Amino acid sequence: MFKLLRICAFCIVLALTISYSFAQNNIKFEFDVDSQVYNLGQEAAVTISVYEDEELVTEGNLSVRFTNDGRDQVAETQAFDLAMDNPVTLKAKLDFPGFLQIVASAVGVDDSKKVTRTAGLAFAPEKIEVGKPMPDDFDAFWKQGQEEVRKLPLDLEKTKLDLLCTDDYDVFSLSFATVNDRRVYGFLCVPKKGEAPYPTLVNVPGAGPGVGPETWLAKEGFVVFTMNVFPYPVSLDAKERQQQYDEYNKKLGQTYCYLDSNDREKYFFRAVYLGIDRAIDWLANESYVDVNRIGYFGTSQGGASALILGGLNQHFCAILSSVPALCDHGGYEKGRSPGWPRLVDTAKGNDDVKYASQYLDAAYFARRIEVPITVTVGFIDGVCSPSSVYAAYNSIPSAEKRILHEPLLGHQNKDQYAKAFIEFRNLVKDSGK
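Residues numbered from 1 in each chain as written. Predicted model: local features only at pLDDT ≥ 70, side-chain atom pairs only at ≥ 80, totals over all residues. Heavy atoms only, no water.

A. Inspection of helix H10 (residues 415-430) at higher detail. For H10, spanning 16 residues, the distance from its first C-alpha to its last is 23 Å, which sits close to the expected 22 Å at 1.5 Å a residue. Every buried residue of H10 is listed here: Tyr-417, Ala-420, Phe-421, Phe-424, Arg-425 and Val-428. Along the axis of H10, the buried residues cluster in a sector spanning 140°; they form a single face. Opposite the buried face of H10, by more than 90 degrees, sit the exposed residues Asp-415 and Lys-419. Elements that come into contact with the buried residues of H10 comprise strand E15 (198-203), helix H2 (215-219), strand E17 (289-299), strand E18 (318-322), strand E19 (373-378) and strand E20 (401-406). (Helix = DSSP H or I, 4+ residues; strand = E, 2+ residues; numbered from the N terminus. Expected span 1.5 Å × (residues − 1). Buried < 20%, exposed > 50% of the residue type's maximum accessible area, 1.4 Å probe, protein only. Arc of directions from axis to C-beta. Contact = heavy atoms within 4.5 Å.)

This is the structure we're talking about:
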């Protein structure tokens, strides 16, 4: 079955082979190019099949929807009778850089057993640009912030956590003053064995209740500096951390990442990153830290922090940023999905949020990164869209950068990240030697 569609810059020819199963993993996508990466104007062939108990389904209906990276629909939803069309084959091409998302849904004849699966195709992703130009005063705004926080007393509060200390390492809780009458809190692990100064890893966790100290990395001989984003000391107990988090958001009347998002000076993350940036300077001056071997790693919110802190602070020798958030807030201008937390969408187009969001866009910080950096991207990531990740990645000027594709993954890490993390740790260990 062939049907030619021409919508905007998309040309989609429906001749897709689709196989569905009404059990888990029942919709199967097959691609003519294993990488799922295509050139502009190159036609991609996708085959989809619907299965049940490993047999092709012969009744029910299939619908296929095409969007610009999960946002604007770029073609009419296509419907198929599985008695006649299973598998189905689609051919598609994109005439501008981006990700074409395909959402396939199948239902039984009685509208039961609905299953949905998503696939993503990349078209010249290396050419994706940020949705909106960087503000002319972006650098001046952050320089002023760095000067502001450094005029404040550091006011370091550091407490040894004796119950967590071992023969291999010591553990501390600590906090620092930052702007807007706030503090930033975290944990520090310092090895006892081996010869100081030690290689050092900095981390900010993903969105959620925060994390405790990363003691396993300290056992491997790293100083580990973990900074949470909340203006309170995060509990060592996971259950209590979640309770703290829930109570904090309830008190705010919203999730923390939206707090004061209409004001670039007061927005939640500004005080966080200015405070952590200065804390990293403090860390780099500690005698047990090898200033030439400081690396940063993080995922999602932590991946955004990799780009933001990597742009603000010059102490890093290597960076690992996995599925970074807070990227390309202006992506909506191109009909694409911005990354978490989708500030403008959540604020329903509020002009003040549109303006302020530009000053906390990880893609703009990324343009300052000159050190070796690895970024990961999931082609069907519905939280930190692949186009937003690529908009940031393409902004990085480092001669030693790479991006690892996960065509079948959403917002998660898997084997490629695990391997990259090992390589990253080794790179930090060997840096400066």
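Read on for the rest.
B. The pattern of salt bridges, seen in detail. Tallying each qualifying case throughout the model produces 18 salt bridges. Taking the shortest distance from any N to any O, the salt bridge between Lys-192 and Asp-170 comes out at 3.1 Å. Residue Lys-192 is located in the loop between strand E14 (182-191) and E15, and its partner Asp-170 is located in strand E13 (residues 169-178); the two are separated by 22 residues in the primary sequence. Assessed through its relative accessible area of 42%, Lys-192 is described here as partly exposed. (Salt bridge = Lys/Arg side-chain N within 4 Å of Asp/Glu carboxyl O.)

C. Spatial organisation of the sheet that holds strand E12 (residues 157-160). If you walk across this open sheet you meet the nine strands as E12-E13-E14-E16-E15-E17-E18-E19-E20, and the pairing is mixed. Either end of the sheet is taken by a strand with one partner, and the two such strands are E12 and E20. When strand polarity is set aside, the average angle formed by the axes of neighbouring strands in this sheet is 15°. As paired elements, E19 and E20 share six bridges and run parallel to each other. Opposite Gly-378, over in E20, you have Glu-406 as the bridge partner. This element, helix H4 (residues 268-284), spans E13, E14, E15, strand E16 (223-227) and E17 of the sheet and lies at about 35° to E14. (Pairing = 2+ DSSP bridges. Axes fitted to C-alpha atoms, helices over the stretch in contact; angles between N-to-C directions.)

D. Region of interest: the packing of helix H1 (residues 138-150) against H4. At a minimum axis distance of 10 Å, the contact between H1 and H4 shows a crossing angle of 65°. Here the hand of the crossing between H1 and H4 comes out right-handed. Two secondary-structure elements touch here, H1 through Phe-141, Trp-142, Gln-144, Gly-145, Gln-146, Glu-148, Val-149 and Arg-150 and H4 through Arg-270, Leu-274, Asp-277, Arg-278 and Asp-281. By residue class, the composition of the contact of H1 with H4 is four nonpolar, three polar and six charged. (Left-handed = near helix turned anticlockwise from the far one by under 90°. Nonpolar A, V, L, I, M, F, W, Y, C, P; charged D, E, K, R; others polar.)

E. Broad picture of the sheet that holds strand E11 (residues 115-123). If you trace the five strands from one edge of the open sheet to the other, you get E4-E11-E10-E7-E8, paired in mixed fashion. Since the sheet does not close on itself, it has two edges, and those belong to strand E4 (37-38) and strand E8 (78-81), each with one partner. As judged from the two bridges shared by E4 and E11, these two strands associate in the parallel manner. Bridge pairing in E11 links Tyr-38 to Phe-123.

F. Just unusual backbone geometry, in detail. Looking along the chain, the bond that leaves Asn-86 and enters Pro-87 is cis, with omega of 5°. When you line up the elements, Pro-87 lands in the loop between E8 and strand E9 (88-94). Of note, the bond from Ala-196 into Pro-197 is cis; its omega dihedral lies within 30 degrees of zero at 0°. With a phi angle near 65°, Glu-54 is a residue other than glycine that sits in the positive phi range. Mapped onto the elements of the fold, Glu-54 is located in the loop between strand E5 (44-52) and strand E6 (55-56). The exposed category is assigned to Glu-54, whose relative accessible area is 75%. The backbone of Ser-300 shows a phi angle near 60°, a positive value even though the residue is not glycine. Within the secondary structure layout, Ser-300 lies in the loop between E17 and helix H5 (301-312). Exposure remark for Ser-300: the relative accessible area of 9% places this residue in the buried category.

G. Molecular detail of the side chain of His-329. You can see His-329 is positioned in the loop between E18 and helix H6 (343-346). Its relative accessible area of 4% is what places His-329 among the buried residues. Within the local environment of His-329, its side chain forms a polar contact with the backbone oxygen of Leu-360, the two atoms lying 2.9 Å apart. Once you skip the residues sitting within four places of it in the chain, His-329 turns out to touch Pro-338, Pro-341, Leu-343, Val-344, Ser-357, Leu-360 and Asp-361. (Polar contact = N/O pair within 3.5 Å; in protein donor to acceptor, adjacent residues only side chain to side chain.)

H. A look at H5. With 12 residues, H5 ought to run about 16 Å at 1.5 Å a step, and its terminal C-alpha atoms sit 16 Å apart, in line with that. Most of H5 sits inside the fold, with 12 of its 12 residues counted as buried. The set of residues buried in H5 consists of Gln-301, Gly-302, Gly-303, Ala-304, Ser-305, Ala-306, Leu-307, Ile-308, Leu-309, Gly-310, Gly-311 and Leu-312.

I. Up close: the environment of Arg-264. Mapped onto the fold, Arg-264 is located in the loop between helix H3 (238-252) and H4. Given a relative accessible area of 22%, Arg-264 falls into the partly exposed group. When near neighbours in sequence (up to four residues on either side) are disregarded, Arg-264 contacts Asp-137, Phe-141, Arg-270, Tyr-355, Ala-356 and Tyr-359. Looking at Arg-264, its side chain comes within polar contact range of the side chain of Asp-137, at 3.2 Å. Of note is the side chain of Arg-264, whose polar atom sits 3.3 Å from the side chain of Tyr-359.

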